[in-house]
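Chain by chain, the residues:
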Amino acid sequence: MNSAHIFMGNTYRLHTVFDKAERGEPVSIVFLGASITLGYQIDKKYLFPTIVQNYLRDQFHNSNIHSHNLSVAGMPSMHGLQLAYFDVESYAPDLIVIDYSVNDQKDATHREAFEGLIVKCLSLPTKPAVLSFFVKNRSGYTCAAQMTAVCSHYDIPYVNVGEWLEQDILQGSMKWEDFSYDGCHPTPEGHGYIGKCLLELFKHATHTPADSEYRLPEQPFFQDELAHLQFHPSSWENTPSTHLPSLSLEANCRTLFLIYLVGTTQDYGKACLTVDGSVCSHLDSYRIHEWEHPAYEVIHLSKEKKLHQISLSMPKGENDKRFHLLRLGYI
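Please read all numbers here as calculations on a predicted model, not as lab measurements.

A few words now on the overall build of the protein chain. In terms of helices and strands, the protein chain carries nine helices and 15 strands. In terms of overall size, the protein chain behaves like a compact globule, its C-alpha atoms giving a radius of gyration of 21 Å where 331 residues would be expected to give roughly 20 Å. Each principal axis of the C-alpha atoms in the protein chain carries an extent, and together these give about 60 × 45 × 35 Å. Considering only intrachain contacts with a sequence separation of at least 6, the fraction spanning at least 24 residues in the protein chain is 81%. With 26 positive and 38 negative side-chain charges, the protein chain shows a spacing of 1 Å between the two charge centroids.

Let's shift gears to the environment of L165. Secondary-structure assignment places L165 in helix α7 (residues 161–170). Along the chain, L165 and W176 lie eleven residues apart, while their C-alpha atoms are 8.5 Å from each other. With sequence-adjacent residues up to four places away left out, L165 is seen in contact with M174, W176, F179 and Y193.

Let's shift gears to the sheet that holds strand β11 (residues 270–275). Two strands in a sheet stick together by hydrogen bonds in their backbones, pointing the same way (parallel) or opposite ways (antiparallel). If you trace the four strands from one edge of the open sheet to the other, you get β9-β14-β11-β12, paired in antiparallel fashion. The open sheet terminates on both sides in strands that have one partner only, identified here as β9 (247–253) and β12 (278–284). The average angle at which neighbouring strand axes cross in this sheet is 25 degrees, direction not considered. Bridge count for β11 against β12 is six bridges, and the pairing is antiparallel.

Two elements in contact, helix α5 (residues 108–122) and helix α6 (residues 144–153), have axes whose closest approach is 10 Å; the angle formed by their N-to-C orientations is 35 degrees. Here α5 runs over α6; the crossing is right-handed. Residues H110, R111, F114, E115 and I118 of α5 lie in contact with α6, whose contacting residues are Q146, M147, V150 and C151. Residues of the contact of α5 with α6, tallied by class, amount to five nonpolar, two polar and two charged.

Turning our attention to α6. Residues of α6 that are buried: A144, Q146, M147, T148, V150 and C151. Where α6 is buried, its residues touch β1 (6–7), α5, β5 (129–134) and β6 (158–160).

Running from N to C, α7 and helix α9 (residues 188–206) cross one another at 115 degrees; their axes reach a closest spacing of 11 Å. As α7 packs across α9, the resulting crossing turns out to be right-handed. Together, V161, W164, L165 and D168 of α7 and Y193, I194, C197 and E200 of α9 make up the contact between the two elements. Tallied by class, the residues present in the contact of α7 with α9 amount to six nonpolar, no polar and two charged.

Core analysis: the biggest nonpolar cluster contains 41 residues, and L32, I96, I98, I118 and F257 have the highest contact counts within it. Elements supplying a minimum of two residues to this core: β2 (27–33), α4 (77–86), β4 (95–99), α5, β5, α6, β10 (255–262) and β13 (293–300). Among the elements that line this core, the one with the most residues is α5, at seven residues. If sequence neighbours within four positions are ignored, I96 has contacts with V30, L32, V88, C121, L124, P128, A129, V130 and L131. In terms of nonpolar packing, the next biggest core, distinct from the first, is built from 38 residues, A21, F60, V97 and A205 among them.

Oppositely charged side chains can form a pair if their charged atoms are brought close together. A full pass over the atoms with the stated rule returns nine salt bridges. Between K20 and D94 there is a salt bridge, and its shortest N-O distance comes to 2.9 Å. Of this pair, K20 sits in helix α1 (residues 12–22) while D94 sits in the loop between α4 and β4; the two residues are 74 residues apart in sequence, bridging distant segments of the chain. When its relative accessible area of 22% is taken as the criterion, K20 is described as partly exposed. The closest approach of N and O atoms between R254 and E225, which form a salt bridge, is 2.7 Å. In this pair, R254 sits in the loop between β9 and β10 while E225 sits in the loop between α9 and β7 (230–231), placing the two residues 29 residues apart along the sequence. In terms of burial, R254 and E225 fall into one category: buried. Overlapping salt bridges, with partners in common, bring together K136, E163 and E166 in one network.

Before going further, it helps to examine unusual backbone geometry. Positive phi is not limited to glycine here, since Q41 has a value of about 55 degrees. Positionally, Q41 belongs in the loop between α2 (35–38) and α3 (48–60). A residue is classified by how much of its surface remains accessible, and Q41, at 59% relative accessible area, is exposed. One non-glycine residue, D155, lies in the positive phi region at around 60 degrees.

Each value, and the rule that gives it
Along every chain, residues carry numbers that run from 1 in the direction the sequence is written. Per-residue local features of the predicted model are confined to residues with pLDDT of at least 70, and side-chain atom pairs are confined, for both listing and counting, to 80 or more; whole-chain, interface and lining totals are unaffected and use all residues. Hydrogens and waters are ignored; side-chain quantities use all the structure's heavy atoms. For helices the rule is a DSSP run of H or I covering at least 4 residues; for strands it is a run of E covering at least 2, with both sets numbered from the N terminus onward. Here the globule rule reads 2.2 Å times residues to the power 0.38, and the radius of gyration is calculated from C-alpha atoms. The contact criterion used is simple: two residues touch if any of their non-hydrogen atoms lie within 4.5 Å. Under the counting rule used here, the positive set is Lys and Arg, the negative set is Asp and Glu, and His together with the chain ends is not counted. To locate a charge, take atom NZ for lysine, CZ for arginine, CG for aspartate or CD for glutamate. Any two strands between which DSSP finds at least two bridges are classified as paired. Angles run from 0 to 180 degrees between N-to-C directions of axes, and those axes are lines fitted to C-alpha atoms, restricted for helices to the stretch in contact. Each helix crossing is assigned a hand: it is left-handed if the near helix lies turned anticlockwise from the far helix by less than a right angle, otherwise right-handed if that turn is clockwise. Three residue categories are used. Nonpolar comprises Ala, Val, Leu, Ile, Met, Phe, Trp, Tyr, Cys and Pro, charged comprises Asp, Glu, Lys and Arg, and polar comprises the others, including Gly. Burial classes follow relative accessibility: with a 1.4 Å probe on protein chains only, a residue under 20% of its type's maximum area counts as buried, one over 50% as exposed, and anything between as partly exposed. Residue types Ala, Val, Leu, Ile, Met, Phe, Trp, Tyr and Cys, when buried and joined through side-chain atoms within 4.5 Å, form a set referred to as a nonpolar core. Salt bridge, as used here: a side-chain nitrogen of Lys or Arg that lies within 4 Å of a carboxyl oxygen of Asp or Glu.

If you want it as structure tokens, here you go:
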């Protein structure tokens, strides 16, 4: 394997992880992604997060290196952003590995969510090293282009596994059928391939001097406002047996970030989002062809921050249905 598809970025924080591991101190690695990182029909011992953990344990003779896989199947980087706000910090991460390259969409909302996720992770109190990697599905779909642009701007390491794999397939050293069960999910050999790509990045880093201390750029690439959200302190859940009054708040903001639960049964209903007295959006939580999971909406209210009156309620005909708002953030 060669290094043509590796971007090293600023290695200062990676070297702090290596130094900590070499001293025998505990090291915490958090993995954020979807079904590829979580693993699909595969034993944990074959997963690339396990490969990464075992490599670092062996490399530094430190058994106190632990991985925490927070990935959830089917989720985009907006889910990772939620985790970065509410869950990741509790693991005191030294290193965060991110991949949502085949789950995001090629639109402004997902570009901004991925950038917000990167900035939020880099800004955590433990100052973790952050790196990403990108894959393709069999049809060639990937958001690597928009994600590599963000990673390059923030000077964080990444590996373009999808390009690397495509090159190896063209050269005959790898077959898609060996890499994946289907059009996307890696086999044990596929996880081994991703693991080898990531280990190449680590090997390059260990053989190069550390860069100067990492600093966030002063300006975002696309838009980093989703890394600076405030959240309403409570959730809101309407059920057939519990009819709630409207959720109302006043906020000086320009953008809303809503997280609500969707499901496949017909008791899931629609909620009406009203801003400054006018209907802004109907949030439909009934998804016949999906599964119960969090859904995400980013809604831009105004070009500049100003005082908005925000209300969420069940409209006429929907009051006897379920709607569960998990989080409401604003900036």
